[in-house]
Amino acid sequence: PAPRTVLLTGAAGGLGTLMRGLLPAYGYELRLFDAVPVEGEPGAITADLGDREALREAVRGVDAIIHLAGISLESSFDKILRANIEGTYNLYEAAREEGVRRVVFASSNHVVGHTPRPLPGDPLIPVDAPRRPDTFYGLSKSFGEDLAQLYWDRHGMETVSVRIGSCFPEPTSVRMLSVWMSPRDGARLFHAALTAEGVRHTVVHGSSDNTRLWWDLTTARSLGYEPKDDSEPYAARLIAEQGELDPDNPDHAHLGGHFCTDPPIWPR
Ligand code: NAI
Ligand code: 15L
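Residues numbered from 1 in each chain as written. Chains lettered and ligands numbered in written order. Predicted model: local features only at pLDDT ≥ 70, side-chain atom pairs only at ≥ 80, totals over all residues.

Caption draft 1: Structural detail: the overall build of the protein chain. Within the protein chain, the regular secondary structure consists of 8 helices and 7 strands. Taking 18 Å as the expected radius of gyration for a compact globule of 268 residues, we find that the protein chain reaches 18 Å, a close match to that expectation. C-alpha atoms of the protein chain, sized along the principal axes, occupy 50 × 45 × 40 Å. Within the protein chain, the proportion of its 268 residues that are buried is 47%. (Helix = DSSP H or I, 4+ residues; strand = E, 2+ residues; numbered from the N terminus. Rg over C-alpha atoms; globule rule 2.2 N^0.38 Å. Buried ≥ 20, exposed ≤ 12 C-beta atoms within 10 Å, placed from the backbone.)

This is the structure we're talking about:
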């Protein structure tokens, strides 16, 4: 049967807030979880991914989980280790113990961020391109994907790992024209990932059907995802403000954009 009760971790964050608005229209009852209180949602669970007891309770009785909680940008390895690596392990363990069958994992383009971005006329980046994390952050999402594979192979727990491009109300950079996922398309893709049959562990690219797309959406479409949006209406304004991407600028050379060139963050 299609999942109905879904745990949404990271519900207070940007994407969590967008999905809280959009997913109930698909018939889901959302249980909310975040380290910080979710505004206007007194029933939300306020707990850290390090709290295994709270996680056991949070996952008990849900049909599926959308796992968004974690550090969403580059940070020190120690912080990433606790929130994204140990935190995602804690969530999967709780889900296994409570018999939850399906997870949708918010992975990221930064798992493959060091992949050269295609120039006009180049083939799109395939979903099985070698992993080339651009940050400790991207590395932690790569770990999450492997964890998902392990829990499928050992425990029969299914995951769709969505390598999200940039999911915000509007694209705000020229790079985002290529990787933008409109919130409405994000909800469509999460719905497909929750309901497709026999996904085992599937990795998909997560974006809208952008005119300037850099990566291949075939696997996402195979789940039943039909993107309806395109960033192109934003292109003229963003290019007028920021200029076209420059093939000689290292910030513009890779899928991961400036994540590949920002100075590393060392322990503090
Ligand atoms: P965000 O930073 O706005 O939200 C993350 C939420 O997770 C926050 O509300 C935070 O309180 C919570 N959180 C962090 N550490 C936690 C912990 N240890 N225990 C419990 N909760 C914790 O990020 P955003 O943009 O909403 O992204 C959501 C997820 O999607 C993240 O995992 C991010 O890596 C992933 N993602 C998002 C993209 C986007 O375009 N928004 C692109 C690619 C991936
Ligand atoms: C991500 O993984 C981040 O969570 C998000 O904040 C954006 O920076 C996005 O990637 C991106 O690459 O634009």
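Caption draft 2: Representation of the site of ligand 2 within the structure. Taken together, the neighbourhood of ligand 2 is formed by S72, L73, S108, N109, H110 and S166. For the shell around ligand 2, a count of residues per class yields 1 nonpolar, 5 polar and no charged. (Near = placed C-beta within 6 Å. Nonpolar A, V, L, I, M, F, W, Y, C, P; charged D, E, K, R; others polar.)

Caption draft 3: Inspection of the nonpolar core at higher detail. Among the nonpolar cores identified, the biggest contains 69 residues, and V6, L8 and I65 are the most heavily contacted of them. With residues up to four places along the chain from it excluded, the contact list for L8 reads G16, M19, R20, L30, R31, L32, F33, I66 and L68. (Core = buried A, V, L, I, M, F, W, Y, C linked by C-beta atoms within 7 Å. Contact = placed C-beta atoms within 7 Å.)

Caption draft 4: Up close: the environment of R212. Within the element layout of this structure, R212 appears in the loop between strand 7 (201-206) and helix 7 (218-222). Between the C-alpha atom of R212 and that of R175, which follows or precedes it by 37 residues, the distance is 9.3 Å. Setting aside residues no more than four positions away along its own chain, R212 makes contact with L177 and S178.

Caption draft 5: A look at the environment of T115. Tracing the backbone through its elements, the reader meets T115 in the loop between strand 5 (102-108) and helix 4 (136-155). Residue classification places T115 among the buried residues on the basis of 21 C-beta atoms within 10 Å. The spacing of T115 and G243 is 128 residues in sequence and 22 Å in space, taken between C-alpha atoms. Leave out the neighbours within four places in its chain, and T115 touches I125, A129, R132, H254 and L255.

Caption draft 6: Inspection of the site of ligand 1 at higher detail. Around ligand 1 sit 24 residues in total, of which G13, L15, S72, A106 and I164 are the nearest. Of the residues forming the shell around ligand 1, the biggest block, 3 residues, is contributed by helix 1 (residues 14-22). Grouping the constituent residues of the shell around ligand 1 by class yields 13 nonpolar, 9 polar and 2 charged.

Caption draft 7: Summary view of unusual backbone geometry. Notably, R200 is not glycine yet its phi reads approximately 50°, a positive angle. Of note, R200 is situated in the loop between helix 6 (183-195) and strand 7.

Caption draft 8: Local environment of the sheet that holds strand 6 (residues 158-164). The strand order 3-2-1-4-5-6-7 describes an open sheet built from 7 strands, whose pairing is parallel. The two strands at the open ends of the sheet, each matched to only one other strand, are strand 3 (45-46) and strand 7. Sheet topology note: the strand 1 (residues 5-9)/strand 4 (residues 64-67) ladder contains 4 bridges and is parallel. Bridge pairing in strand 4 places L8 opposite I66. On top of the sheet, helix 1 reaches strand 1, strand 2 (29-34) and strand 4; it is set at about 155° to strand 1, its chief contact. (Pairing = 2+ DSSP bridges. Axes fitted to C-alpha atoms, helices over the stretch in contact; angles between N-to-C directions.)

Caption draft 9: Quick look at the pairing of strand 6. Burial within strand 6 is extensive, with 7 of its 7 residues counted as buried. Because side chains alternate across strand 6, one face comprises the buried residues E158, V160, V162 and I164, and the other comprises T159, S161 and R163, equally buried. With 7 bridges joining them, strand 5 and strand 6 adopt parallel strand pairing. Within strand 6, the position partnered with V103 by the bridge is T159. The parallel pair strand 5 and strand 6, bridged by helix 4, forms a crossover whose chirality is right-handed. Pairing of strand 6 with strand 7 involves 6 bridges; the strand directions are parallel. Bridge pairing in strand 7 places I164 opposite G206. (Right-handed = clockwise from strand over helix to strand, strands pointing away.)

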